[in-house]
Structure formats: structure tokens, C-alpha cells
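# Report on the structure
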Amino acid sequence: MTGKLTIVPTPIGNLGDMTARALDALEQADVVCAEDTRVTGKLLAHFGIQARLERCDENVIASKSAALVARMRDGKSIAFCSDAGMPGISDPGIVLVDAARDAGVTVNVLPGPCAVTTALVTSGFKHNAFYFGGFLPRKEVERIKLLESLAALDAALIFYESPHRVVAAVESIAQAYGERPVALCRELTKLHEEVLRLPANELADNLAARDAIKGEIVLVIALPDARAQQAASLDDPALHERIQAELAAGASKSALAKKLSRELGLPKNRLYDLILGM
Ligand code: SAM
């Protein structure tokens, strides 16, 4: 008998999203490895499944992978669950898949709930491509730097965010992208689901005015507006005013040219010449 690894996604808020294959996999596994055995234990109890649970959180998964792979090679069938959604997406699990694949162990990844794809489609933003960035950096300087580096990417941008940091995150998005639309997707698939689409600067004001923000959140940023980028011109008086303001605030000329080039899709050397001449 050959063993195998089954990656089992679980609901991100609505237990009705547990798939028939996920239930079968958990029932049939010799061992269910879980990010948190209490969380997965409750899920198993809800569906009346009795399984042998083993804790396998992000602190131990790397060190336990070799032993788990050895057990699979001995014929054991192991299922892996994170707390919610697709294991391996901003969650533990990928290390075990990597180790199992390296060892030639069969890996079955079951499709299922995932906050990234649910939020992207929920946003309604038209796209041919998307970029998923996990959680945004906690430090503002790093957040802005990352956002600026992604400004011209012709893709919807998706980030996970905690309710405690979402105000600061959306402020950074507004700072980097101005009026570019953002969808706040909160508590997806749950009773108090909220989806709010606004220009980044308006969303920042909306969130800042709230007493409290609770729940789980995904931010989806619409594609850069091609027409707005084309309309940006070196002769635009608003651009000249902005350059003067940023220089007065101490911005470096080359860094400013680089930033504006990314943001507006204008050639960096022409922007630099313009800045030098001001
Ligand atoms: N592996 C999971 C998945 O497939 O979506 C994601 C795990 S990550 C540790 C948890 C983050 O996912 C949350 O902080 C939140 O940003 C997002 N998330 C999970 N469930 C969500 C929900 N129901 N609504 C909105 N965001 C959610």
C-alpha cells in the first residue's frame, strides 16, 4: 500500500462550503495534520468525523516534514488542514507538499475555499491577470515602496489585511494610488459580509471615520486606469505643482523621477529633465 498526502481546504466562514471530497479525505486519512488541532477538531466534530489529529503549525512543520514523509512512504495516508481556506496560501502546508513531491510521494490537492479568489471575483474588477501579495508589510515605508513598485503592473492587486492595520494600509494605498478603486472585502461568506468599492482616498476616509473595524479582510485594487495614464502629460500644471511641492518637502530628484515614472507611466529620463529644470 502506498501512502499519500492530501491537502484539504476548509471553509473561510460558511460551513456549507466544505466539499464532499474534503469530508471523504478527512474520514479516510490515517492522520489529520492541522495548523491548530482545536480549530480542525471543531470542524471534524461538526461533521461527525473521528480522526487522529496532530498539531503541525508553522513553527514545527519544517522540522516535522521529514518524519511525516517517512510515514507516508511507509504507507500512511496523511491529510493536512490549515485553520481556514486553502493550506499553503499565506498558511502552513507548502513545505510539506514540497517535501512530499521531492520524495516522490503522491500529493492530492483538493480545490476549495480560498479568500484570494473569492475576493477577486467579489470585487467585480475586470482583469486578465492578478497579483497576490499576501499581507502588506507592517512598516509604512516598506508598504509604500512595495505599492510604488507595483503601480504600473497591468493586474488587479490583492492583499490580505488584519482589521487592526487596515486603516494604515488603505492610507498607504491612497498615498500611492490616489483615486484608483479599491474593494474592501470583509467577512466573506459570513453573516456580516461587507463589500465596499471606492476610490482609495475615499475608502481611507470611510475607514478612518469608523469606531471599530472587525473581522477578516481582503483588499483588491483595480487595474491602473490606462486612459488616466495616457492622459498624464509632462505639460500638466498639476504635475509641475506636485513636483515643486515634493522638492520643497525634501524629495530627492532622481527618486522623485522614478516614483512619478512608475505612477504615471511617463519616461523617467524626461521626468528627470523636467525636475532638473524646475
Ligand atoms: N489560506 C487562507 C485562504 O485560503 O484564504 C488564508 C489564510 S491567511 C492566514 C488569513 C487571512 O485571509 C485573513 O487575515 C484575511 O485577510 C483572509 N481571509 C480569510 N478568510 C476571510 C474571509 N472570510 N473574509 C475576508 N478575508 C478572509
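This text goes with the structure placed above it.
Overview of the structure. Please read these numbers as outputs of a predicted model, since none were measured by experiment. (Residues numbered from 1 in each chain as written. Predicted model: local features only at pLDDT ≥ 70, side-chain atom pairs only at ≥ 80, totals over all residues. Heavy atoms only, no water.)

## Quick notes on the site of the ligand
Lining the immediate surroundings of the ligand are 19 residues, of which Met86, Ile89, Ala115, Tyr160 and Ile217 lie closest. At a separation of 2.7 Å, an oxygen atom of the ligand approaches a polar side-chain atom of Tyr160. The contact in question runs from a nitrogen atom of the ligand to an N or O atom on the side chain of Glu216, over 3.3 Å. If you list the elements that add at least two residues to the shell around the ligand, you get β7 (156-161) and β10 (217-221). Its residues assigned to classes, the shell around the ligand shows 12 nonpolar, 2 polar and 5 charged. (Near = heavy atom within 4 Å. Polar contact = N/O pair within 3.5 Å; in protein donor to acceptor, adjacent residues only side chain to side chain. Helix = DSSP H or I, 4+ residues; strand = E, 2+ residues; numbered from the N terminus. Nonpolar A, V, L, I, M, F, W, Y, C, P; charged D, E, K, R; others polar.)

## Observations concerning the packing of aromatic side chains
Inspection of every chain in the model, using the stated rule, returns 3 aromatic pairs. Look at Phe132 and Tyr160: their rings are 4.9 Å apart centre to centre, the planes differ by 65°, and that puts the pair in the edge-to-face class. One end of the pair, Phe132, is in strand β6 (residues 130-135); the other, Tyr160, is in strand β7, and 28 residues separate them in sequence. Take Phe132: its relative accessible area is 25%, and that puts it in the partly exposed class. Through a chain of ring-to-ring contacts, three or more aromatic side chains come together here, namely Phe132, Phe135 and Tyr160. The aromatic ring of Tyr177 is capped on one face by Arg180, whose charged end is 4.5 Å from the ring centroid. (Phe/Tyr/Trp six-rings, centres within 6.5 Å; stacked < 30°, edge-to-face > 60°. Buried < 20%, exposed > 50% of the residue type's maximum accessible area, 1.4 Å probe, protein only. Lys NZ or Arg CZ within 6 Å of the ring centre and 35° of its normal.)

## Let's talk about the sheet that holds strand β1 (residues 4-7)
The strand order across the open sheet formed by 5 strands is β3-β2-β4-β1-β5, and the pairing between neighbours is parallel. Two strands bound the open sheet, and with one partner strand each, they are β3 (53-55) and β5 (106-109). This sheet shows a mean twist of 25° between the axes of neighbouring strands, independent of strand direction. Examined bridge by bridge, β1 and strand β4 (residues 77-81) share 4 bridges and lie parallel to one another. Among the inter-strand pairings, Leu5 is bridged to a residue of β4, identified as Ile78. (Pairing = 2+ DSSP bridges. Axes fitted to C-alpha atoms, helices over the stretch in contact; angles between N-to-C directions.)

## As for the pairing of β1
Here β1 pairs with β5 via 4 bridges, running parallel. Within β5, the residue paired with Leu5 across the bridge is Val107.

## Things to note about helix α12 (residues 268-276)
Regarding α12, the residues found buried are Leu271, Leu274 and Ile275. Buried residues along α12 cover an arc of 100° about the axis, so they all sit on one side. In α12, the exposed positions angled more than 90 degrees off the buried face are occupied by Asn269 and Asp273. (Arc of directions from axis to C-beta.)

## Section: the nonpolar core
In terms of nonpolar packing, the biggest core is built from 33 residues, with Leu5, Met72, Phe80, Val218 and Val220 touching the most fellow members. Two domains each donate at least three residues to this core, and these are domain 1 (4-109) and domain 2 (115-224). For Val220, the contacting residues outside a window of four places in its chain are Ala119, Leu120, Ser123, Phe125, Leu157, Ile158, Pro181, Val182, Ala183 and Cys185. The next biggest cluster of nonpolar side chains, apart from the first, holds 25 residues, and it includes Leu150, Leu157, Ala169 and Ala176. (Core = buried A, V, L, I, M, F, W, Y, C linked by side-chain atoms within 4.5 Å. Domains from an automatic or database assignment. Contact = heavy atoms within 4.5 Å.)

## Considerations on the state of the cysteines
Per the stated rule, a full pass over the model turns up 0 disulfides. Cys33 carries a free sulfur, and the closest cysteine sulfur to it, the one in Cys56, is 4.6 Å from it. Assessed through its relative accessible area of 0%, Cys56 is described here as buried. (Disulfide = S-S within 2.5 Å.)

## A closer look at the pattern of salt bridges
Taken as a whole, this structure holds 12 salt bridges when the rule is applied. Lys259 is the partner of Glu246 in a salt bridge, and the nearest nitrogen-oxygen pair spans 3.2 Å. Of this pair, Glu246 sits in helix α10 (residues 237-248) while Lys259 is found in helix α11 (residues 253-264), placing the two residues 13 residues apart along the sequence. Owing to a relative accessible area of 22%, Lys259 belongs among the partly exposed residues under this scheme. Several salt bridges converge on common partners, so that one network encompasses Arg52, Glu54, Lys64 and Arg71. (Salt bridge = Lys/Arg side-chain N within 4 Å of Asp/Glu carboxyl O.)

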